[in-house]
Amino acid sequence: MKPTDTGDPAYFHKVVDCQWACPAHTPVPEYIRLIAQRRYTEAFLINWESNVFPGVLGRTCDRPCEPACRRGRVEDKAVAICRLKRVAADYADDVTHLIPKAPEVGNGKRVLLIGAGPASLTVARDLVPLGYDVTLIERTPTGGGLMRFNIPSFRLPDSVLDEEVDRILNMGVKTRFGEEITSMKAVLDEGWDSVFVGTGAPRGKDLKVTGREEAGENIVLGIDFLKSVAFKHIDTIGKRVIVIGGGNTAMDCCRTALRMGAEQVTVTVRSPKADMKASEWEIEDTEREGIPILDNHSPKEFVHENGRLTAVVF
C-alpha cells in the first residue's frame, strides 16, 4: 500500500470533513489540539499559513467547516471552529519575530499589486519572502479593502484588522496609499515584471422597481451605506429604516442603523426565512437586538412625495 498523500486535498474529503469543507483546507484538528494544550501561538501560526487573517476570520468567517463537523451528527451543535480560530489569534504571543521578512538579496523581479484588500495582501505575504520586490497601490489611506469598509467595527474592531494588515506590510512591502490608478497603460509603462489586479467587487446590486429613481435620495445600496459609515461620511440616519435583503450585508446594515440611532429598523426578505442567505448566527444576532425580519416580502414600489421616500409597497 502506498503511503498516505496528505498533500492531496481529496484525502481530507475522506478523513477530515471540516478541513475539506474549509476553502483554505486549514488543518482544523491540528490547531484545535494545540489550543487545548494552550499552545496558542503555534495554533495561530498554523492558521496564518493557510488563511492569512486568523483574527479577522475568527470573527467574520461564514464557517463552512462547522456544518461539515462530524460532532454535528451526534450533538446539537458542531465544534465552534470559527471562534476557536479567534481564540488562537487573541491569545497568541507576539509573533513578529516568527514572521518571515524580505531577504537581503532579492530575485530582481518587481511586482505591482493594485488594491490593498485580502487578495493583494495574500499575494504580498507569499511573494515577499521569496525575494520579490513588491509594491502595493491603494486609493484609500489604509489597507484591508472590504474587510475594513464593509464589515462593521462592532464585528471587526479596527485594532484587530490593523494588526493583521500591518503584519504583512511590515514584511517588506512598499506602499503607495492614497493613489488612484486611472490608466493601466501608465501602470504597465512603469516596467513591472508582473501586475496583480486585486480591486475586488465593491459594488452592490441595485433594485429596479417603480419609484427607485424618484426616491433615490433616501435609498442607498447596502455596500455603499456600510462604506459611508466606515469612512465617516455619515453619522446620522432617519428614525424609520427598512433594509431589503436577506444576506449578511443586510444583517450588517440593519444592526449598524440601530447603532446610529434609528428608532425602528425592519428587515424584509423576498424568500421564506429558511432560505435566507445570511448565516444562521447573523440572523440570531439581528433578532436578539429586536430587529424584526419579515419574510416572503417582495418589493413592488417605492412610494414618494416631492422626491422623499414615504413608504414601500410589497
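All values reported here derive from a predicted model rather than from experimental measurement.

### What about the sheet that holds strand 5 (residues 240-244)?
The strands that make up a sheet are held in pairs by hydrogen bonds between backbone atoms, and each pair lies either parallel or antiparallel.
Part 1 of the argument: The strand order across the open sheet formed by three strands is 5-6-7, and the pairing between neighbours is parallel. Only two strands of the sheet have a single neighbouring strand rather than two, namely strand 5 and strand 7 (293-294).
Part 2 of the argument: The pairing of strand 5 with strand 6 (residues 264-268) spans five bridges and is classified as parallel. Among the inter-strand pairings, isoleucine 242 is bridged to a residue of strand 6, identified as threonine 266.
Part 3 of the argument: Of the strands in this sheet, strand 5, strand 6 and strand 7 touch helix 13 (residues 248-259), which is tilted by about 170° from strand 6.

### So, the packing of aromatic side chains
Part 1 of the argument: All told, the structure shown has two aromatic pairs when counted by the stated rule.
Part 2 of the argument: Between the aromatic rings of phenylalanine 149 and phenylalanine 231, the centroid separation amounts to 4.4 Å while the plane-to-plane angle is 20°, which identifies the pairing as stacked. A residue pair is termed long-range when its members are at least 10 positions apart, and phenylalanine 149 in helix 9 (residues 146-149) and phenylalanine 231 in the loop between helix 12 (222-230) and strand 5 qualify at 82 residues.
Part 3 of the argument: A relative accessible area of 8% means that phenylalanine 149 is categorised as buried.
Part 4 of the argument: The aromatic ring of tryptophan 281 is capped on one face by arginine 63, whose charged end is 3.9 Å from the ring centroid.
Part 5 of the argument: Over the ring of tryptophan 48 we find arginine 125, and its NZ or CZ is 4.7 Å from the ring centre.

### Regarding the layout of surface pockets
Part 1 of the argument: Reported here for the largest pocket is a volume of approximately 1,900 Å³.
Part 2 of the argument: For the largest pocket, the lining is made up of 49 residues, of which Ile219, Val220, Ile242, Val243 and Ile244 are closest to its centre.
Part 3 of the argument: Of all the secondary structure elements, the ones that give two or more residues to the lining of the largest pocket are helix 12, strand 5, helix 13, strand 6 and strand 9 (308-313).
Part 4 of the argument: A per-class count over the lining of the largest pocket returns 22 nonpolar, 17 polar and 10 charged.
Part 5 of the argument: Taken as a whole, the second largest pocket holds about 1,000 Å³ of empty space.
Part 6 of the argument: As for the second largest pocket, its lining consists of 40 residues, and the residues nearest its centre are Gly145, Leu146, Thr199, Gly200 and Pro202.
Part 7 of the argument: Contributions of two or more residues to the lining of the second largest pocket are made by helix 5 (54-60), helix 8 (118-127), strand 2 (133-138), helix 9 and helix 13.

### What about unusual backbone geometry?
Part 1 of the argument: Notably, histidine 25 is not glycine yet its phi reads approximately 50°, a positive angle.
Part 2 of the argument: Of note, histidine 25 is situated in the loop between helix 2 (17-21) and helix 3 (28-36).
Part 3 of the argument: A positive phi angle, near 55°, is found at asparagine 306, a position not held by glycine.
Part 4 of the argument: Residue asparagine 306 is classed as exposed on the basis of its relative accessible area, which comes to 85%.

### A word on the nonpolar core
Part 1 of the argument: Counting residues in each nonpolar core, the largest one holds 41 residues, and the members touching the most others are Tyr31, Phe44, Phe53, Leu121, Val134 and Val173.
Part 2 of the argument: Broken down by secondary-structure element, the contributors of at least two residues to this core are helix 3, helix 4 (40-51), helix 7 (81-91), strand 1 (110-114), helix 8, strand 2 and helix 10 (158-169).
Part 3 of the argument: With residues near it in sequence (within four places) discarded, phenylalanine 44 still touches Pro54, Ala88, Ala89, Ala92, Val95, Glu164 and Arg167.
Part 4 of the argument: Ranked by size, the runner-up nonpolar core spans 19 residues in total, among them Val241, Val267, Ala278 and Ile291.

### Section: the environment of asparagine 47
Part 1 of the argument: Following the sequence through the fold, asparagine 47 ends up in helix 4.
Part 2 of the argument: A C-alpha to C-alpha distance of 33 Å links asparagine 47 and lysine 205, two positions 158 residues apart in sequence.
Part 3 of the argument: Excluding residues that lie within four positions of it along the chain, asparagine 47 makes contacts with Thr26, Tyr31, Val52, Pro54, Lys85 and Ala88.

### Describing the side chain of arginine 212
Part 1 of the argument: For arginine 212, the position within the fold is in the loop between strand 4 (194-197) and helix 12.
Part 2 of the argument: Here the side chain of arginine 212 touches aspartate 206 through a polar contact of 2.9 Å, side chain to side chain.
Part 3 of the argument: Once residues lying within four places of it in the same chain are set aside, the contact partners of arginine 212 are Asp206, Leu207, Ile219 and Phe302.

### Details of the confidence of the model for the protein chain
Close inspection of predicted coordinates is inappropriate in any region flagged by low pLDDT.
Part 1 of the argument: Looking at the protein chain as a whole, its pLDDT mean stands at 94, while 100% of the residues score no less than 70.
Part 2 of the argument: Within the protein chain, helix 1 (residues 10-15) has the poorest average pLDDT of any element, 78, and strand 1 the best, 98.

Conventions and cut-offs
Residues numbered from 1 in each chain as written. Predicted model: local features only at pLDDT ≥ 70, side-chain atom pairs only at ≥ 80, totals over all residues. Heavy atoms only, no water. Pairing = 2+ DSSP bridges. Helix = DSSP H or I, 4+ residues; strand = E, 2+ residues; numbered from the N terminus. Contact = heavy atoms within 4.5 Å. Axes fitted to C-alpha atoms, helices over the stretch in contact; angles between N-to-C directions. Phe/Tyr/Trp six-rings, centres within 6.5 Å; stacked < 30°, edge-to-face > 60°. Buried < 20%, exposed > 50% of the residue type's maximum accessible area, 1.4 Å probe, protein only. Lys NZ or Arg CZ within 6 Å of the ring centre and 35° of its normal. 1 Å grid on protein atoms, 1.4 Å probe; cavity = no way out; pocket = protein on both sides within 12 Å on 5 of 7 lines; lining within 4 Å. Points joined across faces, edges and corners; volume = space filled by probe spheres on them. Nonpolar A, V, L, I, M, F, W, Y, C, P; charged D, E, K, R; others polar. Core = buried A, V, L, I, M, F, W, Y, C linked by side-chain atoms within 4.5 Å. Polar contact = N/O pair within 3.5 Å; in protein donor to acceptor, adjacent residues only side chain to side chain. pLDDT = per-residue confidence, 0-100.

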